[in-house]
Amino acid sequence: MKKTTAIRPYLLAASALCALAAAPTARASGFGLREGSADWLGNAFVGGEAKAYDASTAWTNPAGMALLNQDEIDGNVSYIGPSASFSGYNTDPLTGGTVRGVQGGNAVTPAASGAMFGVLVLGPDWRVGFSVTNPYGERTSYPTNFVGRYQSLVSSITGIDFSPSISYKVNNHFSIGGGPVFEYFHARLTQALNVPVLSAATGQDPFADVHGSDLGVGYNIGMMYQLDDATRIGVDYHSRIRHNITGTQSISTPPIYSALSPATVALLGAENSRATTSITLPDSIGVGIYHQVNDRLALMGSLQWTHWALFNSLHVTPPTARRAR
């Protein structure tokens, strides 16, 4: 019974996405991506709610589609290659000693982020469009002998949004637009498990792998007011999207554990199960202004707010844990 009590807290810790996905950086858009359109990057993500001069407005403000006079398709691929390294040590909560291992080097895996936008002119006042974007993503990976392996090894998060939209030009000054947002969200998180005695004696750890996905639905709505031919103001709102994720928790143990402690292997194997969690990704609102000074110069500005406080923690609960309670 003492062995069971010592191991189970680490199994539950391994099945908690909170420890990985709710790090302080996640609250500050740690896995939020904005690299959708090359134009957005070129303008430092400013004024998107009011620019409305290419098909990417289908995402930044669908009301802006009313200002486009021809059919358009816009595709972009962005390369993301940041660098992050860990320097320090990790304390074993069981013994109080220092966990043996390496620092890990660059933990961030380079990746490409793609996007596509399209607008079709239906008539003088009506436009339809679509956008495919990647607003959330994270790829970090540490070696299996990383000093922080009991907290995190692999962290992989992907969010892909598909949004059909429609706009209507109310008059020469005012237009509105919007549509649903279908969001696919997938997460995979792994870490090592600190099994007392066995981990220290063999120098090998079991590993927990939790992964799951879901399709959520939200909406995007915007409006545009054109003061004159050179100046316009736009407002856009992206709703929050809730995901009820169903996935799998898998525990793998070193072969030597079977010889040393079959009971421990059986206990760990019992934790292989389905797992569920819920997450609400934040809503956001933006206000932008665009003023065309001349053929070569335009001035833009934006105020943007994202409700990151919605994302506090993410707990994955396997059925075995619910029964244990």
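Each value, and the rule that gives it
- Each chain carries its own residue numbering, running from 1 in the written order of its sequence.
- The predicted nature of this model means local features are confined to residues of pLDDT at least 70 and side-chain atom pairs, given and counted, to a pLDDT of 80 or more, with totals for whole chains, interfaces and linings taken over all residues.
- In computing side-chain values, all of the structure's heavy atoms are included and hydrogens and water are not.
- For this analysis, a nonpolar core means a set of buried residues of the types Ala, Val, Leu, Ile, Met, Phe, Trp, Tyr and Cys, connected via side-chain atoms within 4.5 Å.
- When accessible area is computed with a 1.4 Å probe and restricted to protein chains, residues below 20% of their type maximum are described as buried, those above 50% as exposed, and intermediate ones as partly exposed.
- In this description a helix means any DSSP run of H or I spanning at least four residues, a strand means any run of E spanning at least two, and both kinds are numbered starting from the N terminus.
- Pairs of residues are marked as contacts when any of their non-hydrogen atoms sit within 4.5 Å.
- When DSSP locates at least two bridges between a pair of strands, those strands are taken to pair.
- In the sections that follow, a salt bridge refers to a side-chain nitrogen of Lys or Arg positioned within 4 Å of a carboxyl oxygen of Asp or Glu.
- Within 6.5 Å between ring centres, the rings of Phe, Tyr and Trp (the latter by its six-membered ring) count as paired, and their orientation is classed by plane angle as stacked under 30 degrees, edge-to-face over 60, tilted in between.
- Like charges within 9 Å and nonpolar side chains (Val, Leu, Ile, Met, Phe, Trp, Tyr) within 5 Å are joined into patches, using only residues over 30% in relative accessible area that form no salt bridge.
- Methods summary: accessible areas were calculated by the Shrake-Rupley approach with a probe of 1.4 Å, and residue burial reflects only the protein chains presented.

(A) Structural context of the nonpolar core. W40, A55, A58, W59, M65, L68, A115, F117, V119, V181 and I241 together form the largest nonpolar core, which totals 11 residues. Mapped by element, the contributors of at least two residues to this core are α5 (57–60) and β2 (111–121). Tallying contributions element by element places β2 first for this core, with three residues. In contact with W40, not counting residues within four places along its chain, are R34, F45, K51, S56, W59, T60 and F117. In terms of nonpolar packing, the next biggest core, distinct from the first, is built from 10 residues, Y136, A187, I279 and W308 among them.

(B) Geometry of the pairing of β2. Here strand β1 (residues 72–80) pairs with β2 via nine bridges, running antiparallel. The partner of E72 across the bridge, within β2, is V119. The sheet contact formed by β2 and strand β3 (residues 126–141) spans six bridges and is antiparallel. Within β3, the residue paired with G118 across the bridge is F130.

(C) Here's a closer look at the pattern of salt bridges. The full count for this structure, using the stated rule, is three salt bridges. Across the salt bridge formed by R149 and D205, the nearest N and O atoms sit 2.8 Å from each other. A residue pair is termed long-range when its members are at least 10 positions apart, and R149 in the loop between β3 and β4 (154–169) and D205 in the loop between α6 (198–202) and β6 (207–226) qualify at 56 residues. For R149, a relative accessible area of 9% gives the class buried. You can call D205 buried: its relative accessible area is 8%. Between D209 and R188 there is a salt bridge whose closest N-O contact spans 2.7 Å. Of this pair, D209 sits in strand β6 while R188 is found in strand β5 (residues 174–192), placing the two residues 21 residues apart along the sequence. Under the relative-accessibility criterion, D209 is labelled buried at 16%.

(D) Representation of the packing of aromatic side chains within the structure. Under the defined criterion, the tally for this structure stands at six aromatic pairs. Each ring, one from F86 and one from F146, has its centre 5.5 Å from the other, and the planes form 90°; the classification is edge-to-face. One end of the pair, F86, is in the loop between β1 and β2; the other, F146, is in the loop between β3 and β4, and 60 residues separate them in sequence. Taking relative accessible area as the criterion, F86 reaches 30% and is therefore assigned partly exposed.

(E) Focus on the pairing of strand β11 (residues 298–306). The pairing of strand β10 (residues 284–292) with β11 spans nine bridges and is classified as antiparallel. Bridge pairing links G288 to S302 in β11. Counting the residues in the hairpin turn of β10 and β11 gives five residues.

(F) Region of the structure containing a nonpolar patch on the surface. A grouping of I160, F162, F182, Y184, L215 and V217 is seen on the molecular surface, where their side chains present a nonpolar patch of about 540 Å² in accessible area. The set of elements that each furnish at least two residues to the nonpolar patch consists of β4, β5 and β6. You can call Y184 partly exposed: its relative accessible area is 35%.

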